[in-house]
Amino acid sequence: MASPAAGVVVIVGSGLIGRSWAMLFASGGFRVKLYDIEQQQVTNALENIRKEMMFLEQSGSLKGSLGAQDQLSLISGCLNIQEAVEGALHIQECVPENLELKKKIFAQLDQIIDDQVVLSSSTSCLLPSQLFAGLAHVQQCLVAHPVNPPYYVPLVELVPHPETAPVTVDRTHALMRKIGQSPVRVLKEMDGFVLNRLQYAVISEAWRLVEEGIVSPSDLDLVMSDGLGMRYAFIGPLETMHLNAEGMLSYCDRYSEGMKRVLKTFGPIPEFSGATVEKVNQAMCLKVPADPEHLAARRRWRDECLQRLAKLKRQMPSQ
Ligand code: NAI
């Protein structure tokens, strides 16, 4: 078994994202303390992690070099925050997306942490300048935003507060690499970070195309899943440009006028309401009825696809 001296990581909040982080850190040989205010939440989380890890081991998808039992023995529940953070090298906050709650927790942690530990938030859309304002340990704070489901989608956006020390970002970057995640440095804080800005740009144009009757909702989704998405799982939009001509300069030379012409026809921000929401909802419900069972079944299928894609990406020789 890898040495538990890999260090101690504390997860604050044992919900969906906290559980995933716990599994990822354990896969990297870290001792994980899973903290929550609710005993029942911790009990459920540990049971859920146990089942998930056994399943992953059986299906050959368990991450890391340790077996499921060894990884499980690294994770323990904890209801005392003071005890939890003692000697920790990294704290990953995963409580609900509520600014006041998160600020309260960071203020509490600020009182009890040492000058070494990294204090990291999983927030999807709260800005570091809001979250960490006024903390004595602000230099040790940053956002590490995962993508759901983090076990299969490795991207983590690292977003610093203006006063975050560069070493905090470097250490978190190295830690994320060590647990098999794929960190990117967002150099300055920006609403939506990077992933959601790209996602919203795509959603926005998708919505306008459906609204204007250019394409049906189901065909719109197919353009992504059987078109753009196929290559985006391996190369990004900028490399796509580079490869789709004789390099980037040639692409811009050949296609920039056409791109600008089309981009000028993009409409305003959609309202996401009215007749279009009815139309899109109807098409989505035809494919996946919006009741808990059908949604859960479709999510399981999605996660299995992502699991296999993650495996394929690991197997592909990198150039
Ligand atoms: P969740 O609701 O599943 O879990 C939150 C957990 O925090 C619960 O176990 C709850 O008991 C615990 N909690 C509440 N107050 C607490 C306190 N004072 N101290 C300790 N624990 C406390 O939430 P989820 O989905 O795991 O989200 C957590 C964070 O991750 C949010 O900031 C969210 O925006 C972010 N995130 C969520 C993603 C998603 O798809 N669910 C994706 C990426 C980031």
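Residues numbered from 1 in each chain as written. Predicted model: local features only at pLDDT ≥ 70, side-chain atom pairs only at ≥ 80, totals over all residues. Heavy atoms only, no water.

For the protein, an unreviewed UniProt entry supplies the name L-gulonate 3-dehydrogenase and the organism Felis catus.

Student: Before we go on, may I ask you to explain the site of the ligand in this structure?
Tutor: Near the ligand lie 23 residues; those nearest to it are Asp-36, Gln-41, Glu-97, Lys-102 and Ser-124. The backbone of Gly-15 places a nitrogen or oxygen atom 3.3 Å from an oxygen atom of the ligand. One of the backbone N or O atoms of Ile-17 is found 2.8 Å from an oxygen atom in the ligand. Notes on the ligand: free accessible area 840 Å², of which the protein chains cover 78%. Secondary structure elements with two or more residues in the shell around the ligand: α1 (16-27), α5 (99-112) and β6 (141-146). Per-element tally for the shell around the ligand: the top contributor is α5, with three residues. Within the shell around the ligand, the residues separate by chemical class into eleven nonpolar, nine polar and three charged. (Near = heavy atom within 4 Å. Polar contact = N/O pair within 3.5 Å; in protein donor to acceptor, adjacent residues only side chain to side chain. Areas by Shrake-Rupley, 256 points an atom, 1.4 Å probe, with all protein chains shown as cover. Helix = DSSP H or I, 4+ residues; strand = E, 2+ residues; numbered from the N terminus. Nonpolar A, V, L, I, M, F, W, Y, C, P; charged D, E, K, R; others polar.)

Student: Sorry, what's going on with a negative patch on the surface here?
Tutor: The grouping of Glu-83, Glu-86, Asp-114 and Asp-115 at the surface amounts to a negative patch. Note on placement: Asp-115 falls in the loop between α5 and β5 (118-121). (Patch = residues over 30% accessible without salt bridge, like charges linked within 9 Å, V, L, I, M, F, W, Y side chains within 5 Å. Salt bridge = Lys/Arg side-chain N within 4 Å of Asp/Glu carboxyl O. Lys, Arg positive; Asp, Glu negative; His and termini not counted. Charge placed at Lys NZ, Arg CZ, Asp CG, Glu CD.)

Student: I would appreciate a short explanation of the sheet that holds strand β4 (residues 90-93) in the present structure.
Tutor: Within a beta sheet, neighbouring strands are joined by backbone hydrogen bonds and run either parallel or antiparallel to one another. Strand order in the open sheet made by the eight strands is β3-β2-β1-β4-β5-β6-β7-β8, with mixed pairing throughout. A strand with exactly one partner marks an edge of an open sheet, and here the two such strands are β3 (75-78) and β8 (182-185). Averaged over neighbouring strand pairs, the angle between their axes works out to 25° when direction is ignored. Sheet topology note: the strand β1 (residues 8-12)/strand β2 (residues 31-35) ladder contains five bridges and is parallel. Paired with Val-9 across the strands is Val-32, a residue of β2. Where α5 meets the sheet, its contacts fall on β1, β4 and β5, and the angle it forms with β5 comes to roughly 175°. (Pairing = 2+ DSSP bridges. Axes fitted to C-alpha atoms, helices over the stretch in contact; angles between N-to-C directions. Contact = heavy atoms within 4.5 Å.)

Student: Could you clarify how one ought to interpret the pairing of β1 in this entry?
Tutor: On any regular strand, side chains alternate: one points to one face of the sheet, the next to the other face. Counting buried residues in β1 gives five out of five residues, a clear majority hidden from the surface. A two-sided burial pattern is seen for β1, the buried positions comprising Val-8, Val-10 and Val-12 on one face and Val-9 and Ile-11 on the other. Tracing the backbone out of β1, into α1 and back to the parallel element β2 gives a crossover that is right-handed. Sheet analysis places β1 next to β4, joined by four bridges and oriented parallel. By the bridge assignment for β4, Val-10 is matched with Ile-91. (Buried < 20%, exposed > 50% of the residue type's maximum accessible area, 1.4 Å probe, protein only. Right-handed = clockwise from strand over helix to strand, strands pointing away.)

Student: Quick question: what am I supposed to make of α1 here?
Tutor: An α-helical turn contains 3.6 residues, so a residue and the one three or four places further along point in the same direction. The first and last C-alpha atoms of α1 sit 17 Å apart over twelve residues, in line with the 16 Å expected at 1.5 Å per residue. For α1, the tally of buried residues reaches ten of twelve residues, placing the bulk of the element in the interior. Taken together, the buried positions of α1 are Gly-18, Arg-19, Ser-20, Trp-21, Ala-22, Met-23, Leu-24, Phe-25, Ala-26 and Ser-27. Just past α1, the residue Gly-29 takes up positive phi, approximately 85°. (Expected span 1.5 Å × (residues − 1).)

Student: I tried to follow the pairing of β2 on my own but got confused; where do I start?
Tutor: Buried residues dominate β2, accounting for four of its five residues. In this sheet, β3 lies alongside β2 in parallel orientation, the contact comprising four bridges. Looking across to β3, one finds that Val-32 is bridged to Ile-75.

Student: Even after reading the chapter, I still don't get the UniProt feature "domain: 3-hydroxyacyl-CoA dehydrogenase C-terminal" (unreviewed entry) in the protein, so can you show me in this structure?
Tutor: Mapped onto the present numbering, the UniProt feature "domain: 3-hydroxyacyl-CoA dehydrogenase C-terminal" (unreviewed entry) falls at residues 192-279. End C-alpha atoms of residues 192-279 are separated by 27 Å, and the span's content is 70% helix alongside 0% strand. (UniProt positions renumbered as here; feature names shortened; annotations may be inferred.)

Student: Honestly, the nonpolar core in this entry has me stumped. Any pointers?
Tutor: Proteins that are soluble and globular tend to have nonpolar side chains buried together. With 31 residues, the main nonpolar core has Ile-11, Trp-21, Phe-25, Ile-49, Met-53 and Met-176 as its most contacted residues. Only β1, α1, β2, α2 (39-58), α3 (68-73), β6, β7 (155-160) and α7 (166-178) provide two or more residues apiece to this core. No other element matches the six residues that α1 contributes to this core. For Phe-25, the contacting residues outside a window of four places in its chain are Val-9, Ile-11, Phe-30, Val-32, His-90, Leu-175, Met-176 and Ile-179. Among the nonpolar cores identified, the runner-up in size contains 28 residues, and Val-8, Ile-91, Val-117 and Leu-119 belong to it. (Core = buried A, V, L, I, M, F, W, Y, C linked by side-chain atoms within 4.5 Å.)

Student: What's the story with the pattern of salt bridges in this structure? I'm lost.
Tutor: Opposite charge on two side chains makes pairing possible when the charged atoms of those side chains draw close. Within the structure shown, the criterion is met by eight salt bridges. Among the ionic pairs, Arg-50 bridges to Glu-47, the shortest N-O distance being 3.1 Å. Of this pair, Arg-50 and Glu-47 both sit in helix α2, three residues apart, roughly one helical turn. Of the residues examined, Arg-50 reaches a relative accessible area of 38% and is grouped as partly exposed. Residue class for Glu-47 comes out partly exposed when judged on its relative accessible area of 34%. Residues Asp-170 and Arg-185 are paired through a salt bridge, measuring 2.8 Å at the closest nitrogen-oxygen approach. Of the two residues, Asp-170 sits in helix α7 while Arg-185 sits in strand β8, which places them 15 residues apart along the sequence. You can call Asp-170 partly exposed: its relative accessible area is 39%.

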